[in-house]
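# Geometric and topological summary
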Amino acid sequence: MAFPEPKLKKPELPTKLLGTLQCKQGAVRAVRFNVDGNYCLTCGSDKSLKLWNPHKETLLKTYSGHGYEVLDAAGSFDNSQLCSCGSDKTVVLWDVATGQVIRKFRGHAGKVNCVQFSEEATVILSGSIDSSVRCWDCRSRRPDSIQILDEAKDGISSLKVSDHEILTGSVDGRVRRYDLRAGELCSDYVGSPITCVCFSKDGQCMLAASLDSTLHLLDKDTGEMLGEYTGHKNVTYKMDCCLSERDTHIGSCSEDGKVYFWDLVEGSLATSLPVSNSAVQSLSFHPTEACLLTAAEGLVQLWREESYTAGEAEEEGPPA
């Protein structure tokens, strides 16, 4: 007997403010969910990196070791390690449990804007204002990078990694995709300096935010422009963009203190969240749920869909 397919709930956007983290680490430069969305990292202008359970509003650990502002961070697939980067030109590998620095990687000639683990967390990739992406081997003791990608003509502002590709956004106005299987580099010219890039969840599209207050959705394989999204303000700062957990909506920070969401297919503005009186610096969308973290000034806020009730998540229990 065939059972009917369960009906997928209509996608909802996280518009209900559920919690606030008083980070106490100066301006929060970046907020990032971990791989399963149960925890998050906040990067502070006071040189600290903090690990939180945002759903319970609890601080779990503080990581100190950077010499200047922390600008980005990421967690490994098994949650055992963190990597972070900052204005002190270094990339740091941390042990989550002990809070100790495992390795400090030096080699960039300027501040490091973005950092990511490879899928197995054997390599850290970092993008810098010095126009290069550097790859660091987490397992060897060698001090220098194992590979340098130096095709960009200006600073690297954003970096994402899939199982076989590296996606970069640069101030030179180009989105570059390195296909490691095919050994190819595909470059797409957007024009305005790029502040953030990301893959869609289905791996078919690339999203790029640029300093002309526009988001560009590109076909990954052909580079064809699939959509442009406007209405927010982004002309000065590096700001995050994202896709919702089911690729139905596109989200962006804005310098007017809001987070904007557009319908991916229609291109129409779906909603805007009044987050702050000043620019929203960073955001992070939950990997599987309609849940959003936003960072503005020294606060991180947790947003959920309107129909969310706290009991739902607790009944499901922690993931195995």
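Each chain has its residues counted from 1, running along the sequence as written. Local features in this predicted model are restricted to residues of pLDDT 70 or higher, and side-chain atom pairs are both shown and tallied only at a pLDDT of 80 or more, whereas totals for entire chains, interfaces and linings draw on every residue. To get the side-chain values, all heavy atoms of the structure are used, and hydrogens and water are removed first.

Going by the annotation in an unreviewed UniProt entry, the name recorded for the protein chain is WD repeat domain-containing protein 83, with Gekko japonicus given as the source organism. UniProt positions are given in the numbering used here, feature names are shortened, and annotations may be inferred rather than shown by experiment. As stated in UniProt under Subcellular location (unreviewed entry), the record for the protein chain gives "Cytoplasm". For the protein chain, the Sequence similarities (unreviewed entry) comment in UniProt is given as "Belongs to the WD repeat MORG1 family."

## Description of the sheet that holds strand β18 (residues 194–199)
Note: strands within a sheet are paired through backbone hydrogen bonds, in either parallel or antiparallel orientation. At least two DSSP bridges between two strands are required for those strands to pair. Runs of H or I in DSSP of at least four residues are treated as helices and runs of E of at least two as strands, each being numbered from the N terminus. Sheet architecture is open: four strands sit in the order β18-β19-β20-β21, paired in antiparallel fashion. Sheet topology places β18 and β21 (225–230) at the edges, where each strand pairs with a single neighbour. For this sheet, the mean inter-axis angle between neighbouring strands, taken without regard to orientation, is 20°. As paired strands, strand β20 (residues 214–219) and β21 are joined by five bridges and run antiparallel to one another. Residue Leu 215 lies in a different strand from β21, and its bridge partner there is Tyr 229. In this analysis, axes come from line fits to C-alpha atoms, helices being fitted only over the stretch in contact, and the angle between any two N-to-C directions falls in the range 0 to 180 degrees.

## So, the layout of surface pockets
Its boundaries defined by the atoms lining it, the largest pocket holds a volume of some 1,300 Å³. Cavities and pockets are found on a 1 Å grid laid over the protein atoms alone: a cavity is a set of points where a 1.4 Å probe fits but cannot escape, a pocket is an open set with protein on both sides within 12 Å along at least five of seven lines, and a lining residue has an atom within 4 Å of such a point. If you go around the largest pocket, you meet 42 residues; those closest to its centre are Phe 33, Gln 116, Lys 160, Val 161 and Lys 201. Taken together, the elements giving at least two residues each to the lining of the largest pocket come down to β2 (28–33), β6 (70–75), β10 (112–117), β14 (156–161), β18, β22 (241–243) and β26 (282–285). Sorting elements by how many residues they give to the lining of the largest pocket places β14 first, with five residues. Partitioned by chemical class, the residues of the lining of the largest pocket number 19 nonpolar, 13 polar and 10 charged. Grid points are joined across faces, edges and corners, and a volume is the space filled by probe spheres set on the points. Under this grouping Gly is polar, as are all residues other than the nonpolar Ala, Val, Leu, Ile, Met, Phe, Trp, Tyr, Cys and Pro and the charged Asp, Glu, Lys and Arg.

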